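The chain contents come next:
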Amino acid sequence: MADAVLVALGGMAITFAALAVVLLVMVILSKVARPAKGKDTGGAN
Amino acid sequence: MDQFGFLNISWQTAVMLTIGGLFIFLGIAKKVEPYLLVPMGTGVLMANLPLSPITDFEHGGLFAVLARYGIFMWELFPILIFIGVGAMIDFGPFLERPYTILLGAAAQFGIFGTFLLAYLLGDGGFRLFDFSFRDAASIGVIGSADGPTSIYVSTLLGSKYAPSIIVAAYSYMALVPIIQPPVMKLLTSKEERAIKMAPVKSGHVSRATRVLFPISVILIVGLIAPPAIPLIGALMFGNLLRECGVLSSLANTAQGELANGVTILLGLAVGGMMTAGSQTVTVAGGETYQMAGFLEPATLMVFALGIVAFSLDTAGGVLFGKLMCRLSGRKINPLIGASGISAFPMSARVVQKVGLEANRYNHLLMHAAGANTAGQIASVVAGGAILMLVPLFA
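The rules behind these values
Residues numbered from 1 in each chain as written. Chains lettered and ligands numbered in written order. Predicted model: local features only at pLDDT ≥ 70, side-chain atom pairs only at ≥ 80, totals over all residues. Heavy atoms only, no water. 1 Å grid on protein atoms, 1.4 Å probe; cavity = no way out; pocket = protein on both sides within 12 Å on 5 of 7 lines; lining within 4 Å. Points joined across faces, edges and corners; volume = space filled by probe spheres on them. Helix = DSSP H or I, 4+ residues; strand = E, 2+ residues; numbered from the N terminus. Contact = heavy atoms within 4.5 Å. Buried area = accessible area lost by both parts, 1.4 Å probe. Salt bridge = Lys/Arg side-chain N within 4 Å of Asp/Glu carboxyl O. Polar contact = N/O pair within 3.5 Å; in protein donor to acceptor, adjacent residues only side chain to side chain. Expected span 1.5 Å × (residues − 1). Buried < 20%, exposed > 50% of the residue type's maximum accessible area, 1.4 Å probe, protein only. Axes fitted to C-alpha atoms, helices over the stretch in contact; angles between N-to-C directions. Parallel < 35°, antiparallel > 145°, perpendicular 65-115°, else oblique. Left-handed = near helix turned anticlockwise from the far one by under 90°. Nonpolar A, V, L, I, M, F, W, Y, C, P; charged D, E, K, R; others polar.

Enquirer: For the layout of surface pockets, give the residues involved together with the corresponding values.
Expert: Residue and element names in this part refer to chain B. In this structure, the largest pocket occupies an estimated 770 Å³ of space. If you trace the largest pocket, you find 25 residues lining it, with Glu 33, Val 85, Met 88, Tyr 170 and Phe 344 closest to the centre. Mapped by element, the contributors of at least two residues to the lining of the largest pocket are α2 (34-48), α4 (76-88), α9 (147-156), α10 (162-174) and α15 (248-273). No other element matches the five residues that α15 contributes to the lining of the largest pocket.

Here it is as structure tokens:
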């Protein structure tokens, strides 16, 4: 059962770590690639 | 005389034929996941008719071929489906609220919590059911609320419950409006559910961000959780087709013909795997998969654990939402955490409905859609984490 607890904790840690990095990159991207006024923002906006 | 099918009907056959008929009824008459339940129900009927040659792995029955190449050997179907899903999803609501990705991560708690519970009921504790380490991890993946991820992980781990896991993952997605609200209400006060969230200014996301997003996700997730590369790569490739602005015909094909064609084959193949008795699937090199029968007690327990998985997902998301609510000075409604699961867009709609019940001026849909699309990515990452870690111990 200890192995299973390790997998569960490790799995949650990997998931949070990977998505935290995605979040960080997205925040940086949104600062670097701001839409200019009047420019196409990809349709949905 | 033994060649007549009707002379070989058993009660198990009758039950399976009824289940197949029920799937078709639910799909057509009640419009419950019709794209999947109708092909799947038809597959169940064809596979369970007595003396049916269609699941014969020795002599190349149609369903045997589909299951062998589309699911067990090459895992083609989940990957191709994800290209279509990626082309369908607008990640705009998420990109406008990138913090929602953490709610997506928290809502994967159901995967790992259910894994622990399944292993405790099986080989890791009480031994009430024949759940090995790999079976338990596969059962947990029902909590991804994501059909392709459930298929991919459970077959790669070689779980004998793969067909039931796949059916549970798909069918519980349709039951999200029933499973989630009680958990959401149990864990939040009316005041919390009534918190209004400020709308996000539109025009916030540039086209460059939309194009760079799928590429970034492939690189980041691929570097951290390599087993997730086929799924996240397919999902984000589909999204790149949608967002790049120069491949609209390919994006249309991916979300139309490709997704529809694979859905037909996948539905039939999964239905064909749902037989009353156990089956042995032989793939290349003589490797075999033993699949549990659909009417065995352990298989029925898999379905019960599926409900637990969805409930724990909801609890994980809502509790993390409460944390974010506190940290943000009550600017974030904790309900949106419940939509951190991959069931898109049902879960976001459920959050909107529960939010409106508490405050009729409260429109949480777009905030919840952000968490919901984030949950799509989070479920794949969690599946990749399971594939990374489980082989180290089993």
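Enquirer: Lay out the interface of chain A and chain B with the relevant residues and their values.
Expert: Facing the 33 residues of chain A at the interface are 44 residues of chain B. Counting the surface lost from both chain A and chain B, the interface buries some 3,200 Å², and carbon and sulfur atoms represent 82% of this. The interface formed by chain A and chain B includes zero salt bridges. Run the count over chain A and chain B and you get zero residue pairs in polar contact (both at pLDDT 80 or more).

Enquirer: Give a description of α10 of chain B that names residues and reports values.
Expert: For α10 of chain B, with 13 residues, the first-to-last C-alpha span of 19 Å sits near the 18 Å given by 1.5 Å per residue. Counting buried residues in α10 of chain B gives eleven out of 13 residues, a clear majority hidden from the surface.

Enquirer: Account for the packing of helix α11 (residues 176-187) of chain B against helix α16 (residues 297-327) of chain B, with residues named and values stated.
Expert: All names here are of chain B. Where α11 contacts α16, the axes come no closer than 9 Å and their chain directions differ by 40 degrees. Between α11 and α16, the interaxial angle falls into the category oblique. Considering how the two elements wind past one another, α11 and α16 form a crossing that is right-handed. For the pair α11 and α16, the contacting residues are Val 176, Ile 179, Gln 180, Val 183, Met 184 and Leu 187 in the first and Ile 307, Phe 310, Ser 311, Thr 314, Ala 315, Val 318, Leu 319 and Lys 322 in the second. Residues that form the contact of α11 with α16 fall into these classes: ten nonpolar, three polar and one charged.

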